[in-house]
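Now for the letters of each chain:
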Amino acid sequence: MPVTGKQRNSVMQLSEVYFWTDTIKDWKRLLNPDKYKHCIIDTLRGLTAKKLICVYGFVIMPNHLHLIWEMLAMNGKEMPHASFNKQTSHFMVKDLKANHPKVLPFFKVEDKEREYRIWQRDPLAILMDFKNKLEQKLHYLHYNPLHERWNLSEKPELYPWSSARFYETGIDEFGFLTHYLERFG
């Protein structure tokens, strides 16, 4: 039986590498402000420092992000991707309440678990079980900002919110990246 997006997430395993796409609710371009990109970077850096995740590649777009990452250990009782969503959502909701109250209603939900939802439910998680599959997804995410729909950069390594420059120069300016060849070499 084929695996659906929902099933992929429910079977996301520790010590497996995934291409992961997380999208802002209703495709709103909430990630345009740099403060939200910094929140994402800081959260990834924190989870990496705690040895809960390993990040092999990423790109932050205006309304979604792509990660190639590995869940290394549980964060208490939850998977690190759940911690990532909670931490970033908490920051964004708090900031919207304080600085952008007219935007906040776009994220209000009728949900027993929460009052606001920043990330859409059921992010896409695809197992990266082969090196060439990972390389294809890494190329895809690095070239995403160049797509005619976005036109965010002329070259992948010039877009500041991705791992493309790391793969071009070998310098990890974010402090959390690991070259995929360390895992798939």
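It should be noted that the structure appears before, not after, this text.
Residues numbered from 1 in each chain as written. Predicted model: local features only at pLDDT ≥ 70, side-chain atom pairs only at ≥ 80, totals over all residues. Heavy atoms only, no water.

1. Brief notes about the sheet that holds strand 3 (residues 64-71)
- What the 4 strands build is an open sheet, ordered 2-3-1-4; its pairing is antiparallel. The open sheet has two free edges, formed respectively by strand 2 (53-60) and strand 4 (124-127), since each of these has just one partner strand. Taking each pair of neighbouring strands and ignoring which way they run, the sheet shows an average axis angle of 20°.
- In the sheet, strand 1 (residues 17-23) pairs with strand 3 via 7 bridges, with the strands oriented antiparallel. Residue threonine 23 lies in a different strand from strand 3, and its bridge partner there is histidine 64. (Pairing = 2+ DSSP bridges. Helix = DSSP H or I, 4+ residues; strand = E, 2+ residues; numbered from the N terminus. Axes fitted to C-alpha atoms, helices over the stretch in contact; angles between N-to-C directions.)

2. Some points on the pattern of salt bridges
- Scanning all chains against the criterion turns up 13 salt bridges.
- Of the charged contacts, one joins glutamate 173 and arginine 165 as a salt bridge, the two residues approaching to 2.8 Å between their closest N and O atoms.
- Through salt bridges with shared partners, one network takes in Asp111, Glu113, Arg114, Arg117 and Arg121. (Salt bridge = Lys/Arg side-chain N within 4 Å of Asp/Glu carboxyl O.)

3. Description of the nonpolar core
- If you look at the biggest cluster of nonpolar residues, it comprises 52 residues, and the most contacted ones within it are Ile40, Leu44, Trp69, Phe84, Ile118 and Trp119.
- Elements with a contribution of two residues or more to this core: strand 1, helix 2 (34-49), strand 2, strand 3, helix 3 (80-99), strand 4 and helix 4 (131-143).
- The element best represented in this core is strand 2, accounting for 7 residues.
- With sequence-adjacent residues up to four places away left out, phenylalanine 84 is seen in contact with Trp20, Asp22, Ile40, Thr43, Leu44, Leu47, Leu65, Trp69 and Trp119. (Core = buried A, V, L, I, M, F, W, Y, C linked by side-chain atoms within 4.5 Å. Buried < 20%, exposed > 50% of the residue type's maximum accessible area, 1.4 Å probe, protein only. Contact = heavy atoms within 4.5 Å.)

4. Side note on the environment of leucine 152
- As for its position among the elements, leucine 152 is in the loop between helix 4 and helix 5 (164-169).
- Between the C-alpha atom of leucine 152 and that of valine 55, which follows or precedes it by 97 residues, the distance is 23 Å.
- In this view, leucine 152 contacts Met61, Pro62, Pro145 and Tyr159; residues no more than four positions away in its chain are not counted.

5. Focus on the layout of surface pockets
- The volume enclosed by the largest pocket comes to roughly 550 Å³.
- As for the largest pocket, its lining consists of 20 residues, of which Asn85, Lys86, Ser89, Arg114 and Arg117 are closest to the centre.
- If one sorts the elements of the lining of the largest pocket by residue count, helix 3 sits on top with 9 residues.
- In the lining of the largest pocket, the residues fall into 6 nonpolar, 6 polar and 8 charged.
- If you add up the space inside the second largest pocket, you get close to 170 Å³.
- If you trace the second largest pocket, you find it lined by Leu138, His139, His142, Tyr143, Pro156, Glu157, Ala164, Tyr167 and Glu168.
- Among the secondary structure elements, those contributing two or more residues to the lining of the second largest pocket are helix 4 and helix 5.
- At 4 residues, the largest contribution of residues to the lining of the second largest pocket is made by helix 4.
- Considering only residue class, the lining of the second largest pocket consists of 5 nonpolar, 2 polar and 2 charged. (1 Å grid on protein atoms, 1.4 Å probe; cavity = no way out; pocket = protein on both sides within 12 Å on 5 of 7 lines; lining within 4 Å. Points joined across faces, edges and corners; volume = space filled by probe spheres on them. Nonpolar A, V, L, I, M, F, W, Y, C, P; charged D, E, K, R; others polar.)

6. Regarding helix 3
- A rise of 1.5 Å per residue sets the reference length of helix 3, with its 20 residues, at 28 Å; its end C-alpha atoms lie 28 Å apart and thus fit the reference within 8%.
- Buried residues along helix 3 sit in contact with strand 1, helix 2, strand 2 and strand 3. (Expected span 1.5 Å × (residues − 1).)

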